[in-house]
Amino acid sequence: MLRHSALASCLPTRSGMRHKAISQILFIALALPIFFAAATGQTQQTSATNLSPTDKEAVKRFEGRVKDYVKLRNAVKAKLPKLSKDSTPAQIETYRERFEAGVRNARTGAKPSDIFNHEGSDYIRRTLKVNFVGRDRVQLREIVFNGETAGVRVRVNYPYPDQVELLEMPPTVLLNLPQLPPEVKYRFVGRNLLLVDRDNNLILDYMTNALP
């Protein structure tokens, strides 16, 4: 609206021809952002789909391993007593602790690279390195290293510390990584990239030197 008012006030409006010219200018001014947004989305979609057969298979297998985890954690969750809408904070915390313990017991043999594995890690490292260069890479590093994650001990099948900030992933990073189901999220701790359960905060897996 501000753009519309400012532009209209700068142009004469007495003749029909001038009205037409104003309309054309306004149309272009309002349409260009939509056009560029659509073009950007198309570029992002294209970059995500233009993968080599090897990379497509790596992404497919990685996403499959994440889905396998989700099936396991949902099976554990289904056995827990249900929380009511009137549950107290103490009851909610007890539920979360039981959920965490149940998933940990179900994954007693979990170890680093079980989910990321070599091919998945290699794809993610290459993708981040290619898509974040120059100023973009500097900004990404600033976001990650300015997060309050110093001293966090990264261990598979252990919870991410409650008192430490969970650094939100920049949207530009998420657009370039394999898709995750709603139950799982990516997080950086230093240059390490983690997979974390959204509900119980367990670290499912991590890969080192992910940040370019």
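Just so we're clear, the structure is a prediction, and the values are computed from it rather than from any experiment. (Residues numbered from 1 in each chain as written. Predicted model: local features only at pLDDT ≥ 70, side-chain atom pairs only at ≥ 80, totals over all residues. Heavy atoms only, no water.)

Novice: Provide a residue-level description of the overall build of the chain, including the pertinent values.
Specialist: Per the secondary structure count, the chain includes seven helices and three strands. Helices and strands in the chain line up, N terminus first, as α-α-α-α-α-α-α-β-β-β. The buried share of the chain, reckoned over its 212 residues, is 34%. Pairs at least 24 residues apart make up 61% of the contacts formed inside the chain by residues separated by at least 6 positions. For the chain, the exposed area adds up to about 13,200 Å²; of that, 57% sits on carbon and sulfur atoms. (Helix = DSSP H or I, 4+ residues; strand = E, 2+ residues; numbered from the N terminus. Buried < 20%, exposed > 50% of the residue type's maximum accessible area, 1.4 Å probe, protein only. Contact = heavy atoms within 4.5 Å. Areas by Shrake-Rupley, 256 points an atom, 1.4 Å probe, with all protein chains shown as cover.)

Novice: Please give an account of the pattern of salt bridges that cites residues and values.
Specialist: Between side chains of opposite charge, pairing is possible as soon as their charged atoms come close. Overall, the coordinates contain ten salt bridges when judged by the stated rule. Notably, a salt bridge pairs Arg73 with Asp199, separated by 2.8 Å at the nearest N-O pair. Of this pair, Arg73 sits in helix H3 (residues 53-78) while Asp199 is found in the loop between strand E2 (192-197) and strand E3 (203-207), placing the two residues 126 residues apart along the sequence. Its relative accessible area of 1% is what places Arg73 among the buried residues. Judged by its relative accessible area of 39%, Asp199 falls in the partly exposed class. Salt bridges sharing partners connect three or more residues here, namely Arg73, Lys77, Asp197 and Asp199. (Salt bridge = Lys/Arg side-chain N within 4 Å of Asp/Glu carboxyl O.)

Novice: Please provide a residue-by-residue account of the packing of aromatic side chains, values included.
Specialist: Counting across every chain of the model gives two aromatic pairs. Lying across the ring of Tyr158, Arg155 places its NZ or CZ 3.7 Å from the centre. (Phe/Tyr/Trp six-rings, centres within 6.5 Å; stacked < 30°, edge-to-face > 60°. Lys NZ or Arg CZ within 6 Å of the ring centre and 35° of its normal.)

Novice: Which residues make up the sheet that holds E2, and what values do they have?
Specialist: Hydrogen bonding along the main chain pairs the strands of a sheet, whether they run parallel or antiparallel. Taken together, three strands build an open sheet; the order of strands is E1-E2-E3 and the sheet is antiparallel. Unpaired on one side and paired on the other, strand E1 (184-189) and E3 mark the two borders of the sheet. Strand after strand, the sheet turns through a mean of 25° between neighbouring axes, direction not considered. As judged from the six bridges shared by E1 and E2, these two strands associate in the antiparallel manner. Within the sheet, the bridge partner assigned to Arg187 lies in E2 and is Leu194. (Pairing = 2+ DSSP bridges. Axes fitted to C-alpha atoms, helices over the stretch in contact; angles between N-to-C directions.)

Novice: Would you mind going over the pairing of E3 in detail, with residue names and values included?
Specialist: Regular strands place side chains that alternate from one sheet face to the opposite one. Most of E3 sits out of view: five of its five residues are buried. Where E2 lies against E3, four bridges are found, and the strand directions are antiparallel. Considered in E3, the bridge of Leu195 is made with Asp205.

Novice: Hey, could you go over the side chain of Asp55 for me, with residue numbers and the actual values?
Specialist: When you line up the elements, Asp55 lands in helix H3. By relative accessible area, Asp55 is classed as buried at 13%. Non-local contacts of Asp55, meaning those with residues more than four positions away in its chain, are made with Tyr123 and Arg126.

Novice: So, the environment of Gln179: which residues are in play, and what are the values?
Specialist: Examined against the element boundaries, Gln179 turns out to sit in the loop between helix H7 (171-174) and E1. Residue classification places Gln179 among the exposed residues on the basis of a relative accessible area of 55%. If we ignore the near neighbours within four places in the chain, the residues touching Gln179 are Glu63 and Leu174.

Novice: How would you summarise unusual backbone geometry if you had to cite specific residues and measurements?
Specialist: Look at Ser113: it is not a glycine, yet its phi comes out positive at around 80°. Turning to its location among the elements, Ser113 is positioned in the loop between helix H4 (89-106) and helix H5 (117-131). On the basis of relative accessibility, which here comes to 36%, the residue Ser113 falls in the partly exposed class. Notably, Asn117 is not glycine yet its phi reads approximately 45°, a positive angle. By secondary structure assignment, the location of Asn117 is in helix H5.

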